[in-house]
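# Per-entry structural report
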Amino acid sequence: MYLEIVTPEAVLLSAEVDSVSVPGINGQFQMLNNHAPIVSVLGKGEIKVFTHSKTVNNEDISAEFTRDAKDSKILNLPIAGGVVEMKDNKVIVLAD
């Protein structure tokens, strides 16, 4: 699936990924390929981007991401809140 993470300042990530986990206001949830369409408000927490079968180059990601200490194919991004939309295998995160 295709993932875009956008803040008011910049596009932080725009790439093909395996899945993404986001901090919903009622708890963390994950979206995989062919997930049903969804729009949700995000709370404070961490976005986890799973890139196990996809190649995401360091040039494609913002410096605000960190790689997971146990698995370098997982990217972590802390956010204060935002909105996520999933439709037609494209996820757009508007993050604060």
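See the structure shown above.
Summarised in this report is the structure supplied together with it. Please read all numbers here as calculations on a predicted model, not as lab measurements.

About the thresholds
- Residues numbered from 1 in each chain as written.
- Predicted model: local features only at pLDDT ≥ 70, side-chain atom pairs only at ≥ 80, totals over all residues.
- Heavy atoms only, no water.
- Helix = DSSP H or I, 4+ residues; strand = E, 2+ residues; numbered from the N terminus.
- Rg over C-alpha atoms; globule rule 2.2 N^0.38 Å.
- Buried < 20%, exposed > 50% of the residue type's maximum accessible area, 1.4 Å probe, protein only.
- Contact = heavy atoms within 4.5 Å.
- Patch = residues over 30% accessible without salt bridge, like charges linked within 9 Å, V, L, I, M, F, W, Y side chains within 5 Å.
- Areas by Shrake-Rupley, 256 points an atom, 1.4 Å probe, with all protein chains shown as cover.
- Salt bridge = Lys/Arg side-chain N within 4 Å of Asp/Glu carboxyl O.
- Pairing = 2+ DSSP bridges.

### Description of the overall build of the protein
A count of helical and extended segments in the protein gives 0 helices and 10 strands. When the helices and strands of the protein are read in sequence order from the N terminus, they spell out β-β-β-β-β-β-β-β-β-β. Taken over C-alpha atoms, the radius of gyration comes to 12 Å for the protein, in line with the 12 Å a tight globule of 96 residues would show. Principal-axis analysis of the C-alpha atoms places the extent of the protein at approximately 30 × 25 × 25 Å. For the protein, buried positions account for 41% of its 96 residues. Within the protein, residue pairs in contact and separated by at least 24 positions form 56% of the contacts whose partners lie at least 6 positions apart.

### Brief notes about the environment of Val41
Tracing the backbone through its elements, the reader meets Val41 in strand 5 (residues 38–42). Judged by its relative accessible area of 46%, Val41 is partly exposed. Residues Val41 and Gly24, spaced 17 residues apart in sequence, show a C-alpha to C-alpha distance of 6.1 Å. Apart from residues no more than four positions distant in its own chain, Val41 is found in contact with Gly24, Ile25 and Gly82.

### Comments concerning a nonpolar patch on the surface
Taken together, the side chains of Val39, Val83 and Leu94 make up a nonpolar region of the molecular surface, amounting to roughly 260 Å² of accessible area. For Val39, the location among the structural elements is in strand 5. Given the relative accessible area of 61%, Val39 is considered exposed.

### Notes on the pairing of strand 1 (residues 2–6)
Burial along strand 1 is one-sided: Leu3 and Ile5 are buried, while Tyr2, Glu4 and Val6, pointing the other way, are not. Alignment of strand 1 against strand 2 (residues 11–16), held across 5 bridges, turns out to be antiparallel. Considered in strand 2, the bridge of Ile5 is made with Leu13. The antiparallel pairing of strand 1 with strand 2 creates a hairpin that spans 4 residues between the two strands.

### Regarding the pattern of salt bridges
Pairing is possible between side chains that carry opposite charge, provided their charged atoms lie close to one another. With the rule as written, the count across this model stands at 3 salt bridges. For Lys90, the salt bridge identified is with Glu4, shortest N-O distance 4.0 Å. Placement of Lys90 in strand 10 (residues 90–95) and of Glu4 in strand 1 is noted, with a sequence separation of 86 residues between them. On the basis of relative accessibility, which here comes to 33%, the residue Lys90 falls in the partly exposed class. Overall, Glu4 belongs to the partly exposed group, its relative accessible area being 21%. Glu46 is paired through a salt bridge with Lys48; the nearest N and O atoms lie 3.9 Å apart.

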